[in-house]
Structure formats: C-alpha cells, structure tokens
Amino acid sequence: MIRFGPAGNSQSFYDAGYKSSVDAPKWLNSIGLSAYEYQCNKGVNISKEKARQIGQEAQKYDILISIHAPYYINFGSQEEEKLQKSKEYIYECVEVAKEMKAQRIVFHPGSCTKVERSLAFETAKKAILEVVNVVKEMQADGIFLCPETMGKKNNLGSSDEIIEICKMDEMLLPTIDFGHINAFEGGSLKTEEDFENLLKKFIDQLGYERMKCFHSHFSRIEYTSQGEKKHWNYEDKQFEPDFEPLAEALYKLKLEPVIICESKDYMAEDALVLKKIYQETLEKRM
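In the annotation of an unreviewed UniProt entry, the protein chain is listed under the name Xylose isomerase domain-containing protein TIM barrel and assigned to Caldicellulosiruptor obsidiansis.

Structure follows, in structure tokens:
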C-alpha cells in the first residue's frame, strides 16, 4: 500500500494540544496517515531516549518513520573538513534511526555553486560510497540512505544524477521529489505520461523490485529559470505539479511508495488531500 504522511508537524498538531513529536504517530494514525518524516534538517538534536519513544509509538500506531538529514550536507564540497562533517551528519542520523526504528534517511547530495558540476558530482559519488561502507558496519540493517532529487539548478540531484548515485549500492534508495524535478526541469510534469515516463526511467535503471516502494516528496513549488523558489500548499493551484496525474501513473505502474508531503504550512492536511486523490483514482479504476 502507499503510505502518506507529513514532513514534520503541522500547526494543527500543536493546535490539537500536542507539544512533543513523541505524540505525532498517535495523532497521525487518528487522522488517517501512516508515514512521518522526522526533521533533522537544522541539525541532529534529539536524545536517544526521545528517539526511542518516537519509535515505540510509531510501531504501536503503524507509522513508517523516515528522517530528513541536515540541510548543511554537501558531498560535492572540495573542502575536506566540510566533506567529513557531511559524513558525520549521516552517521548521527543513522544512530537516531536505529533508536527510532526509522527505515529511511533522506539527504541532499550537495551543491555545485563554486565548482564545475562534473567535479562536484564525482566528489559526491565517492563520498557517498564511503558513507555507505561505514553505515554497513554500524549495525544499521533495514535502513536505506535516500538521496533526494533537487529543485535548484546549482544543486546536485537531477533525476539522472540520483539514478547514477543509487546504482552504486542497494542501500541507496531514491527520494523522488516531484515538485523539485518539475522546478528543476522548468515545468516538465504535467500529464500522466510525463509522470509515467519519469518513473519508468527510474524503474529501467534501478529495477522494479527496488523501485516498488521508493521514497518520495510531493508539494507544489514555485520556480524560476534557476529552478525552485518556494514551497506552497496544495490549494495554491497556480503552482505545479498536480497530484492527479501522478496518482494515475502510480496505479498503472503498480508502485507503492512512501509519499511525504512538504507543503508550506499544512503538511498533514495536504497529505490527507493526496491520499484522498489516490483513493478516488483507485475507485475510478475499479
């Protein structure tokens, strides 16, 4: 089955009287969601005890947990100190994931602002493979590292680059951010065929079994000639992409990803909208 959930906690979570992410699995289950991406994007600042409590609640309420690693990661950097720090962020996330029973760690591959893209990409591939080999020694069975497709032209993470990274090891599972790809490619995802062709490219290169339960992000994103500018909510229909054609493509290709909603303020509410759209697609097809 496809799991839907938010990136972090919506304001409505706090409005309902909850104060701690330990309560997130229970709340998400109560409103009909089944995934949760814990945000470490500003640093890995959670105790082992709290991570363990979130994991216990997630298992109790059947919530699949993923972790978003810090935004500071840059595997394309030519500075050894920054590369080492980027690796350490992943290792810290792995330790948290083990306590939290998280299955996936999402990370941004890096930047190519200051160097040639090809050089940054080769540096990133080498560093990520080194990280994979270390993580394999950390007793991290069942945890996938999930490089994310990016939305800005000066970031590493085109769909082709993510495919090439994931080819290096089975531990690497792509995070396909559809809003990012649409922004990076200047509005490439409009029709069911557009989404289907994108997903088929990943399937052809990485295999169906690996891609069946891939990780993903979805939100409407405003973009410019340089790519991603700003995340919006699903009701902001002047921005792209639409979820309906993706829902059709997922059904047709028999894919069951985890879909994390990254809407601007209403992540959980919009995750429910996406779930409803997918359910309507299923009912229409039956």
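Novice: Please clarify how the overall build of the protein chain should be interpreted in this entry.
Specialist: Within the protein chain, the secondary structure is distributed over 11 helices and 12 strands. Here the protein chain has a C-alpha radius of gyration of 18 Å; the compact-globule value for 286 residues is 19 Å, and the two agree. The principal-axis extents of the C-alpha atoms in the protein chain amount to approximately 50 × 45 × 35 Å. For the protein chain, buried positions account for 57% of its 286 residues. Taking the intrachain contacts of the protein chain between residues at least 6 apart in sequence as the baseline, contacts between residues at least 24 apart amount to 79%. Carbon and sulfur atoms form 47% of the exposed surface of the protein chain, whose accessible area is close to 12700 Å². One finds the centroid of the 38 positive side-chain charges in the protein chain at a distance of 2 Å from the centroid of its 47 negative side-chain charges.

Novice: What am I meant to see in the packing of aromatic side chains here?
Specialist: Note on aromatic pairs: each is described by the distance of the centres and the angle between the planes. Counted by the stated rule, this structure contains 13 aromatic pairs. Centre to centre, the rings of F4 and Y278 are 6.3 Å apart; their planes meet at 50°, and the pair counts as tilted. Here F4 is found in strand β1 (residues 3–6), whereas its partner Y278 is found in helix α11 (residues 267–285), with 274 residues between them in sequence. Each member of the pair, F4 together with Y278, is buried.

Novice: Help me out: how do you make sense of the layout of surface pockets in this one?
Specialist: One way to see where empty space is left: roll a probe the size of a water molecule over the atoms. By volume, the largest pocket amounts to about 510 Å³. Surrounding the largest pocket, 25 residues form its lining, Y71, H108, E228, H231 and E262 being those nearest its centre. Across the lining of the largest pocket, the residue classes break down as 5 nonpolar, 12 polar and 8 charged.

Novice: Just to check I follow, could you spell out the sheet that holds strand β3 (residues 64–68) for this structure?
Specialist: Adjacent strands of a sheet form backbone hydrogen bonds with each other and so pair up, either parallel or antiparallel. Strands sit in the order β2-β3-β4-β6 across an open sheet of 4 strands; the sheet is parallel. Sheet topology places β2 (35–39) and β6 (144–147) at the edges, where each strand pairs with a single neighbour. Each adjacent strand pair in this sheet contributes to an overall mean axis angle of 25°, direction not counted. Sheet topology places β2 next to β3; 5 bridges connect them, and they run parallel. Note on β3: the bridge partner recorded for Y36 is I65.

Novice: Could you clarify how one ought to interpret the packing of helix α5 (residues 117–135) against helix α6 (residues 159–166) in this entry?
Specialist: Helix-helix packing is described using two parameters, namely the angle between the two axes and the distance between the axes. α6 packs onto α5 with a crossing angle of 30° between their chain directions and a minimal axis gap of 10 Å. Classified by the interaxial angle, the pair formed by α5 and α6 is roughly parallel. The crossing of α5 and α6 is right-handed. When α5 is examined against α6, the residues R117, F121, K125 and I128 are found in contact with a partner set consisting of E161, E164 and I165.

Novice: How should I be thinking about the pattern of salt bridges in this particular structure?
Specialist: Pairing between side chains of opposite charge can happen when the charged atoms of each approach one another. Going through the model one piece at a time under the given rule, you end up with 22 salt bridges. E164 is paired through a salt bridge with K125; the nearest N and O atoms lie 2.6 Å apart. Of the two residues, E164 sits in helix α6 while K125 sits in helix α5, which places them 39 residues apart along the sequence. Residue E164 is classed as partly exposed on the basis of its relative accessible area, which comes to 35%. Here the salt bridges share partners, and the residues they tie into one network are E192, E248, K284 and R285.

Novice: It is not clear to me how the UniProt feature "domain: Xylose isomerase-like TIM barrel" (unreviewed entry) in the protein chain should be interpreted in this structure. Could you clarify?
Specialist: Listed under "domain: Xylose isomerase-like TIM barrel" (unreviewed entry) in the UniProt record, and renumbered for this structure, are residues 27–270. In this annotation, residues 27–270 is assigned 43% helix and 18% strand; the end-to-end C-alpha distance for the span is 15 Å.

Novice: Explain helix α2 (residues 24–31) to me, please; I cannot follow it from the model alone.
Specialist: Each α-helix winds once per 3.6 residues, and so residues spaced three or four apart point in a common direction. Along α2, the positions that sit buried rather than exposed are A24, P25, W27 and L28. On an axial view of α2, the arc spanned by its buried residues comes to 165°, and they lie on one face. In the core, the buried residues of α2 are packed alongside β1, α1 (11–15), β2, α3 (48–60) and α11. A positive phi of about 100° marks G32, the residue just after α2.

Novice: Can you help me understand the sheet that holds strand β8 (residues 175–177) in this one?
Specialist: Here 4 strands make up an open sheet; going across it, the order is β1-β12-β9-β8 and the pairing parallel. Pairing within the sheet leaves two strands with one partner each, and these edge strands are β1 and β8. Ignoring strand direction, the axes of neighbouring strands in this sheet form an average angle of 25°. Looking at chain direction, β1 and strand β12 (residues 258–261) are connected through 4 bridges and run parallel. When the sheet's bridge partners are listed, P6 is paired in β12 with C261. Here α11 sits on the sheet and contacts β1, β9 (215–218) and β12; the angle it forms with β1, its principal contact strand, is near 160°.

The rules we used
- Residues numbered from 1 in each chain as written.
- Predicted model: local features only at pLDDT ≥ 70, side-chain atom pairs only at ≥ 80, totals over all residues.
- Heavy atoms only, no water.
- Helix = DSSP H or I, 4+ residues; strand = E, 2+ residues; numbered from the N terminus.
- Rg over C-alpha atoms; globule rule 2.2 N^0.38 Å.
- Buried < 20%, exposed > 50% of the residue type's maximum accessible area, 1.4 Å probe, protein only.
- Contact = heavy atoms within 4.5 Å.
- Areas by Shrake-Rupley, 256 points an atom, 1.4 Å probe, with all protein chains shown as cover.
- Lys, Arg positive; Asp, Glu negative; His and termini not counted.
- Charge placed at Lys NZ, Arg CZ, Asp CG, Glu CD.
- Phe/Tyr/Trp six-rings, centres within 6.5 Å; stacked < 30°, edge-to-face > 60°.
- 1 Å grid on protein atoms, 1.4 Å probe; cavity = no way out; pocket = protein on both sides within 12 Å on 5 of 7 lines; lining within 4 Å.
- Points joined across faces, edges and corners; volume = space filled by probe spheres on them.
- Nonpolar A, V, L, I, M, F, W, Y, C, P; charged D, E, K, R; others polar.
- Pairing = 2+ DSSP bridges.
- Axes fitted to C-alpha atoms, helices over the stretch in contact; angles between N-to-C directions.
- Parallel < 35°, antiparallel > 145°, perpendicular 65-115°, else oblique.
- Left-handed = near helix turned anticlockwise from the far one by under 90°.
- Salt bridge = Lys/Arg side-chain N within 4 Å of Asp/Glu carboxyl O.
- UniProt positions renumbered as here; feature names shortened; annotations may be inferred.
- Arc of directions from axis to C-beta.

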